[in-house]
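Structure at a glance
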Amino acid sequence: MTAAAQAFGKRLDNFWTNAETKEYLAALSQLPGIQGSMVVTIPGSRSGTWAHPKLAVFFARWLDVRFAVWCDG
């Protein structure tokens, strides 16, 4: 997620503080089989962020409005 956000000139902290993101994560956490945290920050020299695959399309739509429009099509 960190690398993708950087590639699109976006900041991950803006994604996490977004009201829609918080609402989406709350709804996603209610799905059967979703346990624990859906997001993990990876420590180390090349730190990054990993998220549950169920969050991928939502995140990608936030990154690129053209992708969001494509999804809607």
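Before reading on, note that the structure itself is shown above.
Every value quoted in this text rests on a predicted model; they were computed, and no experiment measured them.

1. Topic: the packing of helix α4 (residues 56-63) against helix α5 (residues 65-72)
- Between α4 and α5, the shortest axis-to-axis distance is 5 Å and the interhelical angle comes to 125°. When the axis of α4 is compared with that of α5, the two are oblique. From α4, V57, A60, R61 and L63 reach across to α5, where they touch V65, F67, A68, C71 and D72.
- Looking at the contact of α4 with α5 residue by residue, the classes come out as 7 nonpolar, no polar and 2 charged.

2. What to know about the nonpolar core
- In terms of nonpolar packing, the biggest core is built from 11 residues, these being M1, A5, L12, F15, L25, L28, A51, L55, F59, W62 and L63.
- With 3 residues, α4 is the largest single contributor of residues to this core.

3. Things to note about the pattern of salt bridges
- As enumerated under the stated definition, the model contains 3 salt bridges in all.
- A salt bridge links R61 to D72; the nearest nitrogen and oxygen atoms lie 3.1 Å apart. Here R61, found in helix α4, pairs with D72, found in helix α5; they are 11 residues apart in sequence, far enough to count as distant.
- Residue classification places R61 among the partly exposed residues on the basis of a relative accessible area of 30%.
- With a closest N to O distance of 3.2 Å, R66 and D64 form a salt bridge.
- Exposure remark for R66: the relative accessible area of 63% places this residue in the exposed category.

Rules used in this analysis
Residues numbered from 1 in each chain as written. Predicted model: local features only at pLDDT ≥ 70, side-chain atom pairs only at ≥ 80, totals over all residues. Heavy atoms only, no water. Axes fitted to C-alpha atoms, helices over the stretch in contact; angles between N-to-C directions. Helix = DSSP H or I, 4+ residues; strand = E, 2+ residues; numbered from the N terminus. Parallel < 35°, antiparallel > 145°, perpendicular 65-115°, else oblique. Contact = heavy atoms within 4.5 Å. Nonpolar A, V, L, I, M, F, W, Y, C, P; charged D, E, K, R; others polar. Core = buried A, V, L, I, M, F, W, Y, C linked by side-chain atoms within 4.5 Å. Buried < 20%, exposed > 50% of the residue type's maximum accessible area, 1.4 Å probe, protein only. Salt bridge = Lys/Arg side-chain N within 4 Å of Asp/Glu carboxyl O.

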